[in-house]
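Remarks on the overall topology
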Amino acid sequence: MYKKLFFLFFITSLAQAQNGTIKGLIKDDKKEAVVGATIILSKGQKGILKSSFTDVDGKFEFEKLKYDTLLVEVSFVGMNKYTSGKIILNAQNSTIDLGSITLTNSTNELQEVAVTAQKAFVVQKIDRTVINPEALISNAGVTSLEVLEKAPGVTVDINGNISLRGKGGVVVFVDDKPTYLSASDLANYLRTIPSSTIESIEIMTNPPAKYDAAGNSGVINIRLKKNLARGMNGGLNLSYGQGRFMRTNNSFNFNYRINKFNFFSNLSANQNSSYQDLTITRKYFTPEGQLSSTFIQNSYIRPTNRSNNLKLGLDYYITKKTTIGVALSGFINPSSRNLTNKAAIRNGQNEITGLVDAYNPTDILFKNGSVNLNMTHQLNTKGREISVNLDNIVYKSKVEQRLENKNLNPDGGLINKSILESNLPSDISIRAAKIDYLNPLAKGGRIEAGAKTSFVKTGNIADFYDVVDDQKVPNYTFSNNFQYKENINAVYLNYSRDFKKISIQAGLRLENTSIVGNQLGNIVVKDSSFKRNYTNLFPTFYTQYKIDSASKHVIGLSIGRRIDRPNYRDMNPFTYPMDRFTYYGGNPFLQPTFSYNAELSYTYNNMVTTTLQYSQSNNVISETNEQRGNIYYSRPGNFAKQISYGVEVNGTFKIQKWWTLQLYTAYLNNKFESPIYTETLNDSRWFWVVVPTNQFVINKKWSAELAGSYQTKVLSGQFLVIPIGSIRAGVSTKILKDKGTLRLNVNDVFYTNQVGGDIRNIKNAVASWFSYLDTRVVTISFAFRFSKGQTLKVRQNGGSESEQQRVKAS
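Let me begin by describing the structure that accompanies this report.

Cut-offs used in this document
- Residues numbered from 1 in each chain as written.
- Predicted model: local features only at pLDDT ≥ 70, side-chain atom pairs only at ≥ 80, totals over all residues.
- Heavy atoms only, no water.
- Helix = DSSP H or I, 4+ residues; strand = E, 2+ residues; numbered from the N terminus.
- Rg over C-alpha atoms; globule rule 2.2 N^0.38 Å.
- Buried < 20%, exposed > 50% of the residue type's maximum accessible area, 1.4 Å probe, protein only.
- Contact = heavy atoms within 4.5 Å.
- Areas by Shrake-Rupley, 256 points an atom, 1.4 Å probe, with all protein chains shown as cover.
- Lys, Arg positive; Asp, Glu negative; His and termini not counted.
- Charge placed at Lys NZ, Arg CZ, Asp CG, Glu CD.
- Pairing = 2+ DSSP bridges.
- Axes fitted to C-alpha atoms, helices over the stretch in contact; angles between N-to-C directions.
- Core = buried A, V, L, I, M, F, W, Y, C linked by side-chain atoms within 4.5 Å.
- Salt bridge = Lys/Arg side-chain N within 4 Å of Asp/Glu carboxyl O.
- Patch = residues over 30% accessible without salt bridge, like charges linked within 9 Å, V, L, I, M, F, W, Y side chains within 5 Å.

Before going further, it helps to spend a moment on the overall build of the chain. Looking only at helices and strands, one finds three helices and 47 strands in the chain. Relative to its length of 810 residues, the chain is compact, with a C-alpha radius of gyration of 28 Å against a globular reference of 28 Å. When its C-alpha atoms are laid out on the principal axes, the chain stretches across 90 × 60 × 50 Å. In the chain, which comprises 810 residues, the proportion classed as buried is 51%. Across the chain, every contact between residues at least 6 apart in sequence was considered, and the portion connecting residues at least 24 apart equals 66%. Here the chain displays about 36700 Å² of accessible surface, and carbon together with sulfur accounts for 56% of that area. Separation of charge centres in the chain, based on 95 positive and 64 negative side chains, amounts to 7 Å.

Okay, structure coming up:
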């Protein structure tokens, strides 16, 4: 393997890179330099190649360009956009100087400060797939979790768990920073982020060495909006949706940039109400296979989530080489979850032997506060730079719960009643520091290196009380106090280079993990603790080969190793009741999952990418289920092996001038091999998924969308999920002199996005479930963008205007 990689590096190093240059000077109609103008280098309709900003003298320059026919576009707030004619870059004309370009004042204020062309929904890069949420009408007025549901290859289940290509273990980043949350807390957090605040979503099944190695199936990085344009600008987004219950997602962002300062902010207020009508059926058999009893439970769940988010940030350009920044963010999310259970127990002759009525109201307060300090320093004028990020993040959660349970005889008479109350506070403290170094090399290569350390500390207290005659009595069977500490230290090195036909990127990341867990116990349950310490290497490699000079045929290859660590909540050894017949417990013996991923892709004309993918994961962390007496236990466990492979196609097709089809489809296989308690899981299933998105341009103001998704049965550990699909439609129009946009969309038009399945490999038992969800929703949204850059007179005093392109999003 290493010999092959060395040989590939040796061969590619012999290639001769083309070395073209395009430069110019941007001035206004008063012949003054325009500082911070946006410069776009493109191949016309074939896509954007590079972007940059003019420096303090109004100059720009693109170097190390491949010979081609190119276009240059220049835009700036309050001025008319400039588009060059065709620029032919070849061996005879390797340096093109466009000279002085004059931008004239616009008679109307610009609504956008960057590229005004419609963004593509999906953009394929060498190491990631980039999703632009605003490209879809149906993404207006929804949450980030709902946006992810529409992303190619991403699945979100009814509990908010995210999987990629049918595999769990996805790690979600926000602005290049891990969230450090458990699956349920992460889902609640993503429900608080409105789609209107998202700039893009990056899906990386095999992320570069710069990113944490966590994530068995990959990383999803959500980039939030941050405007670097000069002057004053911002936007207002309002929405109201109605299914069976209402939801509203609203946000306001404001940015102000002048001289050496850039201030940015985002405020959002949201409320989302929904329901889940869940039916669970469990059948129990004798060792001889005869039906002995049946348990059928219906749960009606009414969650209401409210969230208030605020982010404030400031960048200060100290000199032409140094920029510092600070970002403050936080949220307060009060929510409730009321659950009503009705269950019937039948014997082998299908006769009712007992009834259960239960009511479980829950109040939740989830809060967060974070501080980020960042600095970027340019070491020379050729792009060498160093950046530092310091983060301090705190999450606090307070949960108050009451479980009222009534056991009834077949006629409905009361047999007994119990009440269990609980207070479940938890705290998460995260401190992280990282340093990154970037060094562009003389012949077009690029070296990146860095180090990171993070400290996570969590405290989880569970105080349970039995309520008898209105008196609270401590329940020490369920009460516990779990303390968890985690320290991860990492270093990485990454090299990339573009040659004439071959692009390569290779990286290596070293991570050391140290974990300590302490269960403090009580007068009934003894103390317990565990420790883990392991060090691992995570290599990554990417290459692209352009078969022809026009880049119509491109072959790509990526290989990498990943890890999925158990989260702190899964390692809490205590068991607590979800209801009187279902208990959830942690597992302190969980081991990390290690996976090996490989992809071979072919891209035609930057339009269609076909990918063959293979992945093998060992010690896969997944939910396991078993029956003990009358109690059904659910807890995380390690499956010995999961193998996934298949083919996927992702493409954009121009059917007509007014009709664009974005199509994602995949045919994949999941195979699991593992003992599960007393049973053995050895199963392999193919599944097919297709997601077509049709976009229609009716005229200059009106556009429409018709999209859908369908997925056949999917195997995931002990779960076999039934086929599921939906149709969505939307329409959009520009108003208020094109400064505003009004959108109307309908999700799950035919109310088919309802999920269910079987739970298998349980000794002497089978189980199934089906859920009706509040998925058919009509949403109307309004977006308004404003910009006052033209009215601000910015002093050109030699400040670091050109450094805006180096600022790291916080």
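Once the structure has been displayed, the description carries forward.
Read across the sheet, three strands follow the order β4-β1-β8 without closing on themselves; strand pairing throughout is mixed. The open sheet has two edge strands with one neighbour each: β4 (59-65) and β8 (95-103). Across the sheet, the mean angle separating the axes of adjacent strands is 15° when strand polarity is ignored. Bridge analysis of strand β1 (residues 20-28) against β8 gives seven bridges, and the strand direction is parallel. Bridging across to β8, T21 finds its partner in T95.

Turning to the nonpolar core, a few remarks are in order. Counting 50 residues, the largest nonpolar core has L148, V154, I162, Y189, L190, I201 and Y395 as its most contacted members. Broken down by element, this core gets its largest block of residues, four residues, from helix α3 (residues 183-190). By size, the runner-up hydrophobic cluster in this structure holds 19 residues, among which are I26, A37, F76 and I101.

Next up on the list: the environment of A449. The residue A449 is located in strand β27 (residues 445-468) in this model. For A449, the contacting residues outside a window of four places in its chain are I435, D436, Y437, Y492 and L493.

Bringing the pattern of salt bridges into the picture now. Evaluation of the coordinates by the stated rule reveals 26 salt bridges. In this structure, R509 engages D212 in a salt bridge whose closest nitrogen and oxygen atoms are separated by 3.2 Å. Taken together, the residues R509 in strand β30 (residues 502-519) and D212 in the loop between β15 (198-204) and β16 (218-224) connect sequence positions 297 residues apart. D212 matches R509 in its accessibility class, with the two residues each being buried. When the shortest N-O distance is used, the salt bridge between R760 and D683 registers 2.7 Å. One end of the pair, R760, is in strand β45 (residues 756-762); the other, D683, is in strand β39 (residues 679-697), and 77 residues separate them in sequence. Among the residues examined, D683 registers a relative accessible area of 16% and is labelled buried. Salt bridges linked by common partners bring D212, K452, R509, E511 and R565 together as one network.

Turning our attention to the sheet that holds strand β9 (residues 122-124). As summarised here, the arrangement of the six strands in space is β9-β10-β15-β16-β13-β14, forming an open sheet in which the pairing is mixed. Bordering the open sheet on either side are β9 and β14 (177-178), each of which pairs with just one other strand. The pairing of strand β13 (residues 170-174) with β14 spans two bridges and is classified as antiparallel. Bridge assignment links V174 to a residue of β14, and that residue is K177.

Further remarks concern a nonpolar patch on the surface. A grouping of F252, F261, F263, L267, L310, L312, L314, L328, V371, L373 and L390 is seen on the molecular surface, where their side chains present a nonpolar patch of about 880 Å² in accessible area. Among the secondary structure elements, those contributing two or more residues to the nonpolar patch are β19 (261-273), β21 (291-317) and β23 (352-378). Within the fold, L373 resides in strand β23.

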